[in-house]
Amino acid sequence: MQHLIRTDDFTIDEINQILADAKKFSDGRFERILQDRIIITLFFENSTRTRSSFEIAAKRLGADIVHLDVAKSSTAKGETLVDTAMNLDAMGPHAIIVRHQNAGVPKILSNHTQAAIINAGDGAHAHPTQALLDLYTLKEHFGEVRGKKIAIVGDIKNSRVANSNIELLSRFEMEVILVAPPQFLPKTSLRTSHYLRDVIDEVDAIMSLRTQTERHSSQSYASLKDYASDFCITSELVGERDIILLHPGPVHRNIDICDALLADKRCKVLEQVSNGVSIRMAVLKKLIYDI
């Protein structure tokens, strides 16, 4: 059984097939190829976009969805995560979609299940389907992404979205530039900057990230407004440049991106959300139907 824990679990050819399938699914039609398949969602962290889009993706493919309410599950009684996964797996689901605040949990669970484990985000480690939908969004706009430059801006060190995008976009030969204050930059061989204005004239896309305050061990800025004064993507900064804007959500308005740019046609945030359903349909097809 193949799992999706990180973007590099898929080869370039497999990813290209997922992108092609997502394109076919993008018209919103129901394609009931997963009828009589059961998918469990196991979310230990809050989610709006990821959980909803996985559930809509599954329903469009004809699968049945079972959501485990973690607060009311036996994990609250002291059952280990591995035992929870093994018990769920014994019921015969075809896939278990897992989100957890600790890095590595989906990988550990994948060693104990026959069902495909899909990582819906684990700590600051990885969020593979987000990176896949971001790549799809970029390819839909540019056609060819090889040689394009993207600035990832914000709390990169604590971002699973950044980690997955750095791996995936680099494999598709995009140049990734990291822009953040020193305390938000990881150790990296990639090009970095502390000021977006220093690189904005050469990039084709900007990906803004939410500040992951829940993962900070100490306060890095006096306030989010203080952070925004340096790293909010504003109309004044972007000007009339031919640059597209991405954000994985949830967006902190006027902290990550200003209101005016969120309403600008160059902003692809809602397209990312729409593309997320198509990509997750393609991932479910790959892991459940194409076996």
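These remarks concern the structure in this document. Just so it is clear, the model here is predicted, and its values are computed rather than measured. (Residues numbered from 1 in each chain as written. Predicted model: local features only at pLDDT ≥ 70, side-chain atom pairs only at ≥ 80, totals over all residues. Heavy atoms only, no water.)

## Some points on the overall build of the protein chain
So, step 1. On a plain count of helices and strands, the protein chain comes out with 10 helices and nine strands.
So, step 2. Here the C-alpha radius of gyration of the protein chain, 19 Å, is about what a compact globule of 291 residues would show, namely 19 Å.
So, step 3. When its C-alpha atoms are laid out on the principal axes, the protein chain stretches across 55 × 40 × 35 Å.
So, step 4. Here the protein chain holds 291 residues, and the buried ones make up 52% of them.
So, step 5. Once local pairs closer than 6 in sequence are excluded, the contacts in the protein chain between residues at least 24 apart make up 75%.
So, step 6. Approximately 13100 Å² of the protein chain is accessible, and the part contributed by carbon and sulfur atoms is 47%.
So, step 7. On the protein chain, the mean spot of the 35 positive side-chain charges and the mean spot of the 38 negative ones are 2 Å from each other. (Helix = DSSP H or I, 4+ residues; strand = E, 2+ residues; numbered from the N terminus. Rg over C-alpha atoms; globule rule 2.2 N^0.38 Å. Buried < 20%, exposed > 50% of the residue type's maximum accessible area, 1.4 Å probe, protein only. Contact = heavy atoms within 4.5 Å. Areas by Shrake-Rupley, 256 points an atom, 1.4 Å probe, with all protein chains shown as cover. Lys, Arg positive; Asp, Glu negative; His and termini not counted. Charge placed at Lys NZ, Arg CZ, Asp CG, Glu CD.)

## Considering the pattern of salt bridges
So, step 1. All chains considered together, the criterion is met by 18 salt bridges.
So, step 2. We note a salt bridge from glutamate 140 to lysine 23, for which the minimum N-O separation is 3.0 Å. Placement of the pair is glutamate 140 in helix α5 (residues 128–142) and lysine 23 in helix α1 (residues 12–25), with a sequence separation of 117 residues.
So, step 3. By relative accessible area, glutamate 140 is classed as partly exposed at 41%. (Salt bridge = Lys/Arg side-chain N within 4 Å of Asp/Glu carboxyl O.)

## Observations regarding the packing of aromatic side chains
Two measures describe an aromatic ring pair: the distance that separates the ring centres and the angle between the ring planes.
So, step 1. With the rule as written, the count across this model stands at two aromatic pairs.
So, step 2. On the basis of an interplanar angle of 50 degrees and a centroid distance of 6.1 Å, the ring pair of phenylalanine 184 and tyrosine 227 is categorised as tilted. Of this pair, phenylalanine 184 sits in the loop between β6 (175–179) and β7 (191–193) while tyrosine 227 sits in helix α7 (residues 224–231), placing them 43 residues apart in sequence. Each member of the pair, phenylalanine 184 as well as tyrosine 227, is classed as buried.
So, step 3. Geometrically, the ring pair formed by tyrosine 227 and phenylalanine 231 is stacked, given 5.4 Å between the ring centres and 25 degrees between the ring planes. With tyrosine 227 and phenylalanine 231 both in helix α7 and four residues apart, this pair spans about one turn of that helix. In this pair, the class of tyrosine 227 matches that of phenylalanine 231, namely buried.
So, step 4. These aromatic residues form a ring-pair network of at least three members: Phe184, Tyr227 and Phe231.
So, step 5. Here the basic side chain of arginine 280 rests over the ring of phenylalanine 54, its NZ or CZ set 5.1 Å away from the ring centre. (Phe/Tyr/Trp six-rings, centres within 6.5 Å; stacked < 30°, edge-to-face > 60°. Lys NZ or Arg CZ within 6 Å of the ring centre and 35° of its normal.)

## As for the sheet that holds strand β8 (residues 205–208)
So, step 1. One open sheet accounts for five strands, arranged β7-β6-β5-β8-β9; its pairing is parallel. If you trace the sheet from one side to the other, it starts and ends with β7 and β9 (244–246), each paired once. When the angles between neighbouring strand axes are averaged without regard to direction, this sheet yields 25 degrees.
So, step 2. Pairing geometry for β6 and β7, over three bridges, is parallel. In the strand pairing of β7, valine 179 is matched with serine 193. (Pairing = 2+ DSSP bridges. Axes fitted to C-alpha atoms, helices over the stretch in contact; angles between N-to-C directions.)

Read these as layout, nothing more, since geometry by itself doesn't imply function.
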